[in-house]
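# Close look at the chain arrangement
If you want the building blocks of each chain, they are given just below.
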Amino acid sequence: MREAKEKHEPIQQSVHVDCPIEDAFRLFTERFGEWWPLSEDCQIEPWPGGRVFELTRNGEESEIGSVNIWDPPSRVEFTWYPETSRDEDQTVNIEFRVEAEGTRVTLTHRGWYRAGVETCASRFAGFVCEQLLVMA
């Protein structure tokens, strides 16, 4: 039983970036499409209830989530349901905290197991943190 519970714990990655908290938040949210590798572009509408959506190479939009919390520059949280039913949504929470001449960015991905994407979710969290380091 313990093994099953541990298997479903949220995936969390954290990174320190050498930029002010406002810049880290802006880089993550406004330049989302620059580090999301699976589409031509990906955008987050900056308000609670806003869409998270991909733009395909042929110009079509595909909604892959919706914003739950929009609290610049401290936090953004959205549901995540790429290629799955909204009933199987996942939650991605990103917190930004001032830390020693920069910002600590922590990404927590909950519900990743619902879509059977353990490896993908872990790579997603790691990839986001790596890209913020490069962009900062």
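What comes next is a walk through the structure.

Reading guide: rules and limits
Residues numbered from 1 in each chain as written. Predicted model: local features only at pLDDT ≥ 70, side-chain atom pairs only at ≥ 80, totals over all residues. Heavy atoms only, no water. Salt bridge = Lys/Arg side-chain N within 4 Å of Asp/Glu carboxyl O. Helix = DSSP H or I, 4+ residues; strand = E, 2+ residues; numbered from the N terminus. Phe/Tyr/Trp six-rings, centres within 6.5 Å; stacked < 30°, edge-to-face > 60°. Buried < 20%, exposed > 50% of the residue type's maximum accessible area, 1.4 Å probe, protein only. Pairing = 2+ DSSP bridges. Axes fitted to C-alpha atoms, helices over the stretch in contact; angles between N-to-C directions. Contact = heavy atoms within 4.5 Å.

## Quick look at the pattern of salt bridges
Inspection of the entire model under this criterion finds 7 salt bridges. A salt bridge links Arg26 to Asp23; the shortest N-O distance between them is 3.3 Å. Taken as a pair, Arg26 and Asp23 lie in helix α2 (residues 21-30) at a separation of 3 residues, close to a single helical turn. Each member of the salt-bridge network shares a partner with another, and the members are Glu45, Arg51 and Glu61.

## Some words on the packing of aromatic side chains
For any pair of aromatic rings, the description rests on two quantities: the centre-to-centre distance and the angle between the ring planes. Overall, the coordinates contain 6 aromatic pairs when judged by the stated rule. Note on Phe25 and Phe96: the rings are 5.2 Å apart at their centroids and 65 degrees apart in plane angle, and the pair reads as edge-to-face. With Phe25 in helix α2 and Phe96 in strand β6 (residues 90-99), this pair connects stretches of sequence that are 71 residues apart. Each member of the pair, Phe25 as well as Phe96, carries the same accessibility label: buried. Ring centres 6.0 Å apart and planes at 90 degrees place the aromatic pair Phe32 and Phe78 in the edge-to-face group.

## What to know about the sheet that holds strand β3 (residues 51-55)
In a beta sheet, neighbouring strands pair by backbone hydrogen bonds and run either parallel or antiparallel. Ordered by their spatial adjacency, 7 strands build an open sheet running β1-β7-β6-β5-β4-β3-β2, and the pairing between neighbours is antiparallel. The open sheet has two free edges, formed respectively by β1 (11-17) and β2 (41-44), since each of these has just one partner strand. Averaged over all pairs of adjacent strands, the angle between strand axes in this sheet comes to 20 degrees, irrespective of strand direction. One ladder, built from 5 bridges, connects β3 with strand β4 (residues 61-71); its direction is antiparallel. Directly across from Phe53, in β4, lies its bridge partner Glu63. Packing of α2 onto the sheet brings it into contact with β1, β2, β4, β5 (75-80), β6 and β7 (102-110), and relative to β6 it is tilted by some 155 degrees.

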